[in-house]
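# A closer look at the structure
Read off the chains here:
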Amino acid sequence: MLKNKFLLIPLLIFIIALAIDRILMLENIQTYFTKTVSEINYFHKPVLFQELKDYLQKPERKKVFVYFGNSRALLFDNKYIEEHYPEWVLFNFSVPGGTPDYFTFWLEQFQADNVKPDFILIDDSIEAFNLSARIKIDEVLVNGVDFPFILKHSSRYTSKEITNFIAKRLFKTYQYRPKLETILQRLKDNSAIAKNYQQWRIKIADKLKEERGSASSDISANATSSPELVLKYSEGDFHSYIEPFTFNENMLEFQKDNFKILKELGVKNATISVRVARPYFKYIQTRNAVLPKKEEPITAYSIWYTKLNVAHQEFEMPLYNMNEDQLYTCDYFTDASHMSTKCFPDYTDYIFNQIIGVEKK
Amino acid sequence: MLFNTIPFLIFFTIVYFIYWNIGKRFKYDFLILAGAAFYYYYSPIFLLHFLVVICINYFFYYQIYNGNKSLFVKLAVIFNLLNLGFFKYFYFFTGVLNDITGSLFFKDASEGRWIHITLPLAISFYSFQMIACAVDTYRNKESEELLSFKKYLLFVLFFPVLIAGPIMRKKDFFPNLDREVPQKDDIYKACFLMMSGLIKKILLADPVASIINPVFANPNEYTAFSLFMGGILYTIQVYADFSGLTDMARSVAFFLGFQIPENFYAPFFSTSGRELWKKWHVTLSFWLMEYIYFPLGGNRAGEMRTYLNLIITMTLGGFWHGADYTFVVWGFYWGSLLCIEKYLEEKKGLPLTPEKSFPLKVLKALIVYVLFSISALMFRSNNTSSMIDLFFGLFTNSPDYLSGLLAVNGGEWMIQGLSLVQSEKPFQMNTVKSYESVAYMYIAFLLFHYIQYKPESLDKFKKHSFTLAIACGVITIFLLTTLSHDGDSFIYTTF
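Keep in mind it's a predicted model, so treat the numbers as computed, not measured. (Residues numbered from 1 in each chain as written. Chains lettered and ligands numbered in written order. Predicted model: local features only at pLDDT ≥ 70, side-chain atom pairs only at ≥ 80, totals over all residues.)

Residue and element names in this part refer to chain A. Ordered by their spatial adjacency, five strands build an open sheet running β2-β1-β3-β4-β5, and the pairing between neighbours is parallel. Two strands lie at the open edges of the sheet, namely β2 (88–92) and β5 (319–321), each paired on one side alone. On average, each strand axis in the sheet is inclined to that of its neighbour by 25°, with strand direction left out of account. Here five bridges tie strand β3 (residues 119–123) to strand β4 (residues 268–273), and the two strands are oriented parallel to one another. Opposite I120, over in β4, you have N269 as the bridge partner. Of the strands in this sheet, β1 (63–68), β3, β4 and β5 touch helix α15 (residues 344–356), which is tilted by about 110° from β3. (Pairing = 2+ DSSP bridges. Helix = DSSP H or I, 4+ residues; strand = E, 2+ residues; numbered from the N terminus. Axes fitted to C-alpha atoms, helices over the stretch in contact; angles between N-to-C directions. Contact = placed C-beta atoms within 7 Å.)

Structure below.
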């Protein structure tokens, strides 16, 4: 091959493209085209893990509660927790699009490093178990797990998912899809929008550090939407994330791994299905979600509940379903899937009172 | 493992670097191993089946070569057709028997209640390739040397053609083995073919598919014009998809120093059906002509027999594509059109194929394109009833069809009620949108045709091959990373 250097042309093309891609991803350049900040949550988690390990080593420490959730669990307010549950501290490992495989990724590291917090809560959202959702959330694959993890669990990922993982890890432009329209807009007024956007990214990164993984309320969307708007969002979310529904057995295997690791760690634990807007939950619970449609409607909820129930029983893992628990009543929503910050005190109380079993002070 | 996936990229990178770093005497053993690994990735069981099929075919080939001609050529053809028939047509034939007899036995069999059959990768292509090899040996024994089993294995297991052809014949493949050293031009060609294949598939075929998939999923909900546009656009999709796949297969072969045949020569610049079939899926057309049309007597057995031969050949060609009535009708349609064209031109002397006038040539090419697009509706239909809906809809689905139907059935009040609360006219049929992107896609489609029509137009850039390969390669990667959609699989991988 060295005698015929022209055989290396494809490699040369690849290396040049990769180099350009990396240049485009420099922080000062990417602010002209990236639109999301969710990856910052993922980038922060290794830092949080180290912080957790250091904290657990301290002789004088509060009780540690670790939450593995998704975007529904990002807005906890540490001040509220300090005030009402002063003997507890939250390390929030929730990320946007968080799914059981991401929790396995971290729990395997907890087990390897013998990290034992006092309580671990794991999310059990139905959306994470849908293999055929119209909108695929691939943030865990793209930002969360690493190559050795994918290799270890390769049988649980489809070839398309692995392709997506490698392609987006290799080429960040494939992940962020720069659009000329966005670049031109951000260049306007001496790059005013780009600068604001950059500041926003920095602020979120600082907040995640400060709030131990929660991207707290003052910088996140926290408005409460009108019931009409929530109804509209519910229709959209059902169509995007629930219908058509194909239960993802591989995700269940990851969740079972999580239950197994938690048992082996000997840490107190529970799973939670976080409350969603009432119309959205009604659709999940009653509408047919399996295509092609059968005469008798088959709901996503019945499939999810039956399968998860078996796993919970197998590992004696309690499930706290906020959607059906009459003790929880706060129903202010930003959209169909996310409670507004108005509800986070109630949400926090629910976790501490009902799940962990601590009285509010 | 399709060419446009990361697993293939990883597989091929490994193959490429090992292949060009080992001695010549190991190269072909290594390619056989790579072919087996490629097929193993698809299915270990089917690799075993494939190897058994190759061994049996080599036995037939060996016997034919050694003089037991007539019996073993028949056995080779029958064996390959049975193998293909079982995997590809079992459900279809039991379905036909069920339609005829109404028997529950056949109904259960056709619905897969008794046996679940999966189609092995590339079976339609490798079966035809091995039949061609047997028949060619039967016809030309004196002029060639006996192939060793290893060479035969390499010929059939050559992985660039193991997705969807091109269907190779011995003379397409074996001259490549005499090439001693890698050629710089081959690598440039490989780079450009890979770029063109990826662009055709990812930036042309996949976006067109996303526009027309809803039309074919619910033809009853779309206007007649949209259904017609569905056919027009599906023609672009199927061309870009299959021509893109062929480009990638040829590119992979070129990277390994092999030149394999092209399947497309600007088919939609054709000014007659006859010309179209010489330029569309050329290796299949050639196979059909060589191994079905000519053995049936071709055009030497009288006028009526020639027409019949044409119809039989094209119908079987249609049936090769898939086990459904839709493909049979598609093949029959083309056989009939070719007969009509032949009759009008040769018998009636009508000058249907313009030779000089450019505007007439363009007009005729457009007519051929529209004729193909009509047949594309059959080709794309999910099943027979959907095909009937599509063609019925072409004549009935006016924009007001639904509201008209409601009005006739006493639902006028619903239309009036709804028109008070919504700005759009209620109960209108859907239409295909995104005509702006369709226009861009059509321009790209014409550009790729021009390159296939006049490949020499690119010769003037040859002296800048290195710079162009690098620049175009990098630009292609960024076009794909920024503009690609979530795509479907290749259409021809299911045949």
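Let's shift gears to the interface of chain A and chain B. Contact residues are listed per partner, giving 21 residues for chain A and 17 residues for chain B. Going through the elements one at a time, α1 (9–24), α8 (159–170) and α9 (172–176) of chain A are the ones with two or more residues in the side of chain A that touches chain B. Counting residues per element, the side of chain A that touches chain B draws most heavily on α1(A), at seven residues. Class assignment for the residues of the side of chain A that touches chain B results in 16 nonpolar, four polar and one charged. (Nonpolar A, V, L, I, M, F, W, Y, C, P; charged D, E, K, R; others polar.)

Turning our attention to the domain arrangement of chain B. Residue and element names in this part refer to chain B. Split by domain assignment, chain B resolves into domain 1 (6–181) and domain 2 (195–265 + 393–494). Placing a centre on the C-alpha atoms of domain 1 and another on those of domain 2 gives a separation of 31 Å. At the junction of the two partners, domain 1 supplies 13 residues and domain 2 supplies 16 residues. If you tally residues by element for the side of domain 1 that touches domain 2, the top one is helix α1 (residues 6–19), at three residues. Here the residues of the side of domain 1 that touches domain 2 are counted per class, giving nine nonpolar, two polar and two charged. (Domains from an automatic or database assignment.)

The subject of this paragraph is the packing of helix α10 (residues 224–255) of chain B against helix α16 (residues 384–396) of chain B. Residue and element names in this part refer to chain B. Where α10 contacts α16, the axes come no closer than 7 Å and their chain directions differ by 130°. Judged by the angle between their axes, α10 and α16 are oblique. Remark: the crossing between α10 and α16 carries left-handed chirality. Contacts between α10 and α16 involve A224, L227 and F228 from the former and L390, G393, L394 and F395 from the latter. For the contact of α10 with α16, the per-class residue count stands at six nonpolar, one polar and no charged. (Parallel < 35°, antiparallel > 145°, perpendicular 65-115°, else oblique. Left-handed = near helix turned anticlockwise from the far one by under 90°.)

Turning our attention to the confidence of the model for chain B. Summary statistics for chain B give a mean pLDDT of 87 and a share of 93% for residues scoring 70 or more. Interface confidence for the predicted complex, expressed as ipTM, amounts to 0.73; the pTM equals 0.79. (pLDDT = per-residue confidence, 0-100.)

The side chains of a regular strand alternate between both faces of the sheet. All names here are of chain A. With five of its five residues buried, β3 lies for the most part within the structure. Of the two faces of β3, the one holding F119, L121 and D123 and the one holding I120 and I122 are both buried throughout. Examined bridge by bridge, β1 and β3 share four bridges and lie parallel to one another. The residue bridging V66 from the neighbouring strand is I120, located in β3. (Buried ≥ 20, exposed ≤ 12 C-beta atoms within 10 Å, placed from the backbone.)

Let's shift gears to the packing of helix α13 (residues 303–321) of chain B against helix α14 (residues 325–347) of chain B. The angle between the axes and the distance between the axes are what describe a pair of packed helices. Residues and elements named next belong to chain B. Interhelical geometry of α13 versus α14 gives an angle of 150° and a closest axis separation of 7 Å. Our classification of the angle between α13 and α14 gives roughly antiparallel. Here α13 runs over α14; the crossing is right-handed. Together, Y307, L310, I311, T313, M314, T315, L316, G317, G318, F319 and H321 of α13 and F327, V328, W330, G331, F332, W334, G335, S336, L338 and C339 of α14 make up the contact between the two elements. When the residues that make up the contact of α13 with α14 are grouped by side-chain class, the tally is 13 nonpolar, eight polar and no charged.

Here we come to helix α19 (residues 435–453) of chain B. Residue and element names in this part refer to chain B. With 19 residues, α19 extends 26 Å between its outermost C-alpha atoms, agreeing within 8% with the 27 Å of an ideal straight helix rising 1.5 Å per residue. Of all the residues in α19, the buried ones are M441, F445, F448 and H449. The arc enclosing the buried residues of α19, seen along the axis, measures out at 100°, which places them on a common side. Those residues of α19 that are exposed and angled more than 90 degrees off the buried face are E436, A439, I443 and L447. Tucked inside the fold, the buried residues of α19 contact α9 (184–217) and α10. (Expected span 1.5 Å × (residues − 1). Arc of directions from axis to C-beta.)

With that settled, consider unusual backbone geometry. Residue and element names in this part refer to chain A. Here E243 and P244 are connected by a cis peptide whose omega angle stands at 0°. Looking at where P244 falls in the secondary structure, it is placed in the loop between α11 (227–242) and α12 (249–265). The phi dihedral of N114 is positive, around 50°, even though this residue is not glycine. Examined against the element boundaries, N114 turns out to sit in the loop between α5 (100–112) and β3. Located in the positive-phi region is R177, a residue other than glycine, with phi close to 45°. Checked against the element boundaries, R177 lands in the loop between α9 and α10 (180–210). Judged by local crowding, R177 falls into the partly exposed class, with 15 C-beta atoms found within 10 Å.

All names here are of chain B. As for its position among the elements, N309 is in helix α13. Sequence separation of N309 and P120 is 189 residues, and the distance between their C-alpha atoms is 30 Å. When sequence neighbours within four positions are dropped, the list of residues in contact with N309 reads Y293, L296, G297 and G298.

With that out of the way, let us pick up the confidence of the model for chain A. Of the residues in chain A, 96% have a pLDDT of 70 or more, and the chain-wide mean is 89. Highest mean pLDDT in chain A belongs to α5(A) (96); lowest belongs to helix α2 (residues 27–30) of chain A (83).

Our next topic: the pairing of β2(A). Residue and element names in this part refer to chain A. For β2, the buried fraction is high: four of the five residues fall into the buried class. Of the pairings in the sheet, the one linking β1 to β2 comprises five bridges and is parallel in character. The residue of β2 that forms the bridge with V66 is F91. For the segment spanning β1, helix α4 (residues 78–84) and β2, crossover handedness is right-handed. (Right-handed = clockwise from strand over helix to strand, strands pointing away.)

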